[in-house]
Each structure stands twice: as C-alpha cells, then as structure tokens.
Amino acid sequence: MTKLVDLSLKGYIDEVWGEKPAPGGGSVAAYAAALGASLTQMVGSLTIDKKAFEELTDEEKNLMKENQENLTEIRNELVDIVDTDANSFDDVMAAFKLPKDTDEEKAARKEAIQTGYKKALETPIRAAELALEGMRLQHIYAVKGNKNAITDVGVGTLLLQAGLEGALFNALINLNSVKDEAYVAEKRAQIDAIMKEGNDLKADTLRIVYSKLN
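These remarks concern the structure in this document.

The rules behind the values
Residues numbered from 1 in each chain as written. Predicted model: local features only at pLDDT ≥ 70, side-chain atom pairs only at ≥ 80, totals over all residues. Heavy atoms only, no water. Helix = DSSP H or I, 4+ residues; strand = E, 2+ residues; numbered from the N terminus. Contact = heavy atoms within 4.5 Å. Areas by Shrake-Rupley, 256 points an atom, 1.4 Å probe, with all protein chains shown as cover. Lys, Arg positive; Asp, Glu negative; His and termini not counted. Charge placed at Lys NZ, Arg CZ, Asp CG, Glu CD. Salt bridge = Lys/Arg side-chain N within 4 Å of Asp/Glu carboxyl O. Phe/Tyr/Trp six-rings, centres within 6.5 Å; stacked < 30°, edge-to-face > 60°. Buried < 20%, exposed > 50% of the residue type's maximum accessible area, 1.4 Å probe, protein only. Lys NZ or Arg CZ within 6 Å of the ring centre and 35° of its normal. Expected span 1.5 Å × (residues − 1). Polar contact = N/O pair within 3.5 Å; in protein donor to acceptor, adjacent residues only side chain to side chain. Axes fitted to C-alpha atoms, helices over the stretch in contact; angles between N-to-C directions. Parallel < 35°, antiparallel > 145°, perpendicular 65-115°, else oblique. Left-handed = near helix turned anticlockwise from the far one by under 90°. Nonpolar A, V, L, I, M, F, W, Y, C, P; charged D, E, K, R; others polar. Patch = residues over 30% accessible without salt bridge, like charges linked within 9 Å, V, L, I, M, F, W, Y side chains within 5 Å.

In this section: the overall build of the chain. Looking only at helices and strands, one finds 8 helices and 0 strands in the chain. Traced from its N-terminal end to its C-terminal end, the chain shows the element sequence α-α-α-α-α-α-α-α. Its C-alpha atoms put the chain at 75 × 40 × 30 Å along the principal axes. Across the chain, the fraction of contacts at a sequence separation of at least 24, relative to all contacts at a separation of at least 6, is 77%. By element, 54% of the accessible surface of the chain is carried by carbon and sulfur atoms, the whole surface being about 11900 Å². Between the averaged position of the 26 positive side-chain charges in the chain and that of its 36 negative side-chain charges there is a distance of 4 Å.

As structure tokens, then:
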C-alpha cells in the first residue's frame, strides 16, 4: 500500500480533496507542522558555517546545530503521523461494527468504542506536542539566523502553530465522545496548556520577525 508521504505533492492534494474521509485535517496538520520544521531548518542551513555564523558565540553556534538535529527528529516523526493519523480512527469504526444483540455484547462494544476514541486522540495530541517542540527551538533562528531568511522563520512558525492547533481540533472532537470524566479533564488540561504555549511562542517569534522587517 502506497504511503501518503510517498505521493507527489499534487498526489497528496488530490487524496485530500477526494470523497474519502482520510487523509483529513489531522494528516494535513501534521504535514503543515513538518513543513514548518523543515523551513526552520532551512534557515539554519543558510546560517551555519556562513560568514555571519562566525560572529556568534560558541554557545549560540552549538545551540543552532543542536536544534537542527532536534528538528530533524521532530520532522521525521511528524512525517510518520501524516500516514498514521489517517488510520487513527480505524478502531472506532471497527468497534461500531461489533455485535450488540446481548447485554454482554453491548457492554463490550461500548467499551471498545470508548477505547477507540481514546486511542484516536493520542495521535493528534502527539502531533501537537511535536509542533510545540519545534516552536520552542525557533528563537535562535529568529534572533541569530540569516537575516535574509527572517521571513522563512515567520512562515515556519505560522505553519508549526497551524499544525499544532489543527491537530488539537482532532483531539478535541474525539475527546467530546469520551465518557471518562477524569480522563477528559486530564486531556483538556493538557490540550489547553499546549495551545497556550503555542500561541505565546507564535506571538514572540512573529514579534521578532516583524521587528526585523520594519
């Protein structure tokens, strides 16, 4: 079976706009975040070992090089989620097809559905966490990266935050079907924390970008 990430860019777009429900918003959100991580790394590639790079402190040089490696790991995992998110709802769909003729079957089916919803929201939460990790790494690129690539830092943070928030949409819609109140409260707190930090980081990075453009 062909992976989504092995399709051409146009091929992936065609998969998204078709009549099938997947790939949908979760897959696209992961792809957007992966692009944001890649674009941030491009700024690093245009900075490291160039003339201006030699003016940085050893600490700044090492931080940017370390961030490049960390962004590679983030990007690779997000690319995997482009495909795995498209399959994250499979257990829910399978659970709905379980028999419900007896009380025992109804109870088993209900439990399987709830387990499926919990599993389905873990993948988008992970995608959002990865996007957030990428945003945490962007500061050095904004303040010390190649000044001619500052708009790429800006686009990178927009893509990462869009991927983060888009992924959390998918987590929330599945969470709305979970009946376990303690689990729901825990996940909502986690989602709120990710969203807040992502919005704060986006604002901070764009503030730097606009200050350099003006």
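Counted under the stated rule, the structure contains 12 salt bridges. With a closest N to O distance of 3.3 Å, Lys61 and Glu54 form a salt bridge. Salt-bridge contacts for Glu60 lead to Lys144; the nearest nitrogen and oxygen are separated by 3.7 Å. Remark: Lys144 occurs in helix H6 (residues 139–144) and Glu60 occurs in helix H3 (residues 58–84); sequence separation between them is 84 residues.

For the rest of this paragraph, the subject is the packing of aromatic side chains. Within the structure shown, the criterion is met by 1 aromatic pair. Centre to centre, the rings of Tyr12 and Tyr31 are 5.2 Å apart; their planes meet at 55°, and the pair counts as tilted. Taken together, the positions of Tyr12 in helix H1 (residues 9–17) and Tyr31 in helix H2 (residues 25–45) put the pair 19 residues apart, joining distant regions of the chain. On the basis of relative accessibility, which here comes to 28%, the residue Tyr31 falls in the partly exposed class. In this arrangement the basic side chain of Lys118 is found over the ring face of Tyr183, its NZ or CZ atom lying 4.7 Å from the centre.

Along the chain, Gly145 falls in the loop between H6 and helix H7 (150–175). Sequence separation of Gly145 and Gly134 is 11 residues, and the distance between their C-alpha atoms is 15 Å.

Unusually for a residue other than glycine, Asp49 sits at a positive phi of about 70°. Summarising the element assignment, Asp49 is placed in the loop between H2 and H3. Judged by relative accessible area, Asp49 falls into the exposed class, the value being 56%.

Taking 1.5 Å as the rise per residue, helix H8 (residues 181–213) with 33 residues should run 48 Å; its terminal C-alpha atoms sit 47 Å apart, in good agreement. Buried within H8 are the following residues: Tyr183, Val184, Lys187, Ile191, Ile194, Met195, Gly198, Leu201, Thr205, Leu206, Ile208 and Val209. If you follow the buried residues of H8, they end up packed against helix H5 (103–136), H6 and H7. Where H8 begins, the capping side chain belongs to Asp180, and its oxygen is found 3.2 Å from the backbone nitrogen of Ala182.

At a minimum axis separation of 8 Å, H2 and H3 run at an interaxial angle of 160°. Judged by the inter-axis angle, H2 sits roughly antiparallel to H3. For H2 against H3, the interelement crossing comes out left-handed. Together, Ser27, Ala30, Tyr31, Ala33, Ala34, Ala37, Ser38, Thr40, Gln41, Gly44 and Ser45 of H2 and Met64, Gln68, Leu71, Thr72, Arg75, Leu78, Val79, Ile81 and Val82 of H3 make up the contact between the two elements. Residue composition of the contact of H2 with H3, by class: 11 nonpolar, 8 polar and 1 charged.

A surface patch of nonpolar side chains, amounting to about 380 Å² of accessible area, comprises Leu9, Ile13 and Trp17. When you line up the elements, Ile13 lands in helix H1. The partly exposed category is assigned to Ile13, whose relative accessible area is 47%.

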